[in-house]
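Below, each chain spelled out in residue letters.
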Amino acid sequence: MPLHRILLSLLLGSHLAAAIAADSPTLRDVPYGHAPEQRFDLYAPAQAGDAPLILMVHGGGWRRGDKDMSRVVDNKVERWLPRGLAFVTINYRMQPEAPPLEQARDVARALAAVQQKGPKTGVHRSNIVLMGHSAGAHLIALLAARPELLAEAGAEPPKGYVLLDSGALDVPAIMNTRHFRLYDRAFGDNPADWLAASPYQQLAKPSAPILAVCSSQRRDSCQQAQAFVAKARQLGTSADVLPIAKSHGEINADLGSDPAYTASVERFLSSLSPALAERLR
């Protein structure tokens, strides 16, 4: 193992030494809490020095999913690591153990841990973008709408948010109309809980910039994204909707491999900081 990787493993703890990959430095199952699910993986470019970072939150209906899924990781890592970006993918507690609001707190805790370890891993702690797909997009939208959850965890706000086809930006609107059973399992039957976990209703202050990617094949997804972005703009947030003619799953899996789609997302990322713009040009 190269000397710089040996030193990195010693700085972070011996339990991580075996997790540093030979060609792409990868730290696996780094804890950010006491629960077994509260873990993240870090993929760092070979020359990390103050690398911008994308923190990815997987979907799965708030009940399943994993940070190691190929559609969550592969194309994104293959696209962004060679360009000098680091990539973190996290696990968080699932239902029924943790309701969505607690899951959002887990994401905030993971962000705080990544920021705390930044100087040891070559990541710039103030140059991090939150990205999530499906349920994961709902969770990061909730953090954008409820910044106190970030503060509670000791996390700095991210540079921006990329929502990959969330279908749960206005929870009361979903629950008061015909809907899939997964929303009942996620949000229960208490209207107060719907409001507390609804990004649209909780959004009351400006946040870091938001890009809401939505599948144009799913009418409700783009409608919610447009309403959320419109409210964010009224509050002074820079926010945009990016409709994409792909399925819900393709919105996640094809990011990094589809040239036109990826370029659209990267234009947003480049607008967030000079470091991101330099690496993505």
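Refer to the preceding data block for the structure.
The structure contained in this document is the topic of the report that follows. Sequence order sets the numbering: in each chain, residues are counted from 1 along the sequence as written. Owing to the predicted nature of the model, reporting of local features is limited to residues with pLDDT of at least 70; listing and counting of side-chain atom pairs is limited to 80 or more, with chain, interface and lining totals taken over all residues. Hydrogens and waters are ignored; side-chain quantities use all the structure's heavy atoms.

## What to know about the overall build of the protein
Move 1: Put simply, DSSP H or I for four residues or longer makes a helix, DSSP E for two residues or longer makes a strand, and each gets a number counted from the N terminus. Helix and strand counts for the protein come out as 13 helices and eight strands.
Move 2: Radius of gyration here uses only the C-alpha atoms, and the compact-globule reference equals 2.2 Å multiplied by the residue count raised to the power 0.38. The C-alpha radius of gyration computed for the protein amounts to 18 Å, which stays within 12% of the reference 19 Å derived for 281 residues, consistent with globular compactness.
Move 3: Its C-alpha atoms give the protein principal-axis dimensions of roughly 60 × 40 × 30 Å.
Move 4: In this description, contact between two residues means that some pair of their heavy atoms is separated by no more than 4.5 Å. Of all intrachain contacts in the protein linking residues separated by at least 6 positions in sequence, the fraction that spans at least 24 positions is 70%.
Move 5: Counting only carbon and sulfur atoms, one obtains 51% of the accessible surface of the protein, whose full area is about 11900 Å².
Move 6: By the counting rule applied here, Lys and Arg register as positive and Asp and Glu as negative, while His and the ends of each chain are not counted. Every charge is mapped to an atom, namely NZ of Lys, CZ of Arg, CG of Asp or CD of Glu. Here the protein contributes 30 positive and 27 negative side-chain charges, whose respective centroids are spaced 2 Å apart. To be clear on the numbers: accessible area is Shrake-Rupley with a 1.4 Å probe, and residue cover counts the displayed protein chains and nothing else.

## Here's the deal with helix α3 (residues 100-121)
Move 1: A helix's residues, less one, multiplied by 1.5 Å, set its expected span. End to end, α3 covers 30 Å across 22 residues, agreeing with the expected 32 Å (1.5 Å per residue, within 8%).
Move 2: Where α3 bends most, at Gln-115, the angle is about 30°, and the proline Pro-119 comes one to four residues later.
Move 3: Exposure is judged per residue with a 1.4 Å probe applied to protein chains only, and the accessible area is read against the type maximum: over 50% gives exposed, under 20% gives buried, and values in between give partly exposed. Among the 22 residues in α3, 16 count as buried, and that is most of the element.
Move 4: A positive backbone phi angle near 80° is found at Gly-122, which sits one or two residues after α3. To get the bend at any residue, fit one axis to the seven residues that end at it and another to the seven that begin at it, then take the angle between the two axes.

## Examining the pairing of strand β5 (residues 123-133)
Move 1: Counting buried positions along β5 gives eight out of eleven residues, so the element sits mostly inside the fold.
Move 2: As paired elements, strand β3 (residues 51-57) and β5 share six bridges and run parallel to each other. Along β5, the bridge assignment pairs Ile-54 with Val-129.
Move 3: Any two strands with at least two DSSP-identified bridges between them are counted as paired. Two strands pair when backbone bridges link them, and β5 and strand β6 (residues 160-164) are joined in this way by five bridges, in the parallel orientation. Each residue of the ladder has a partner; that of Val-129, found in β6, is Gly-160.

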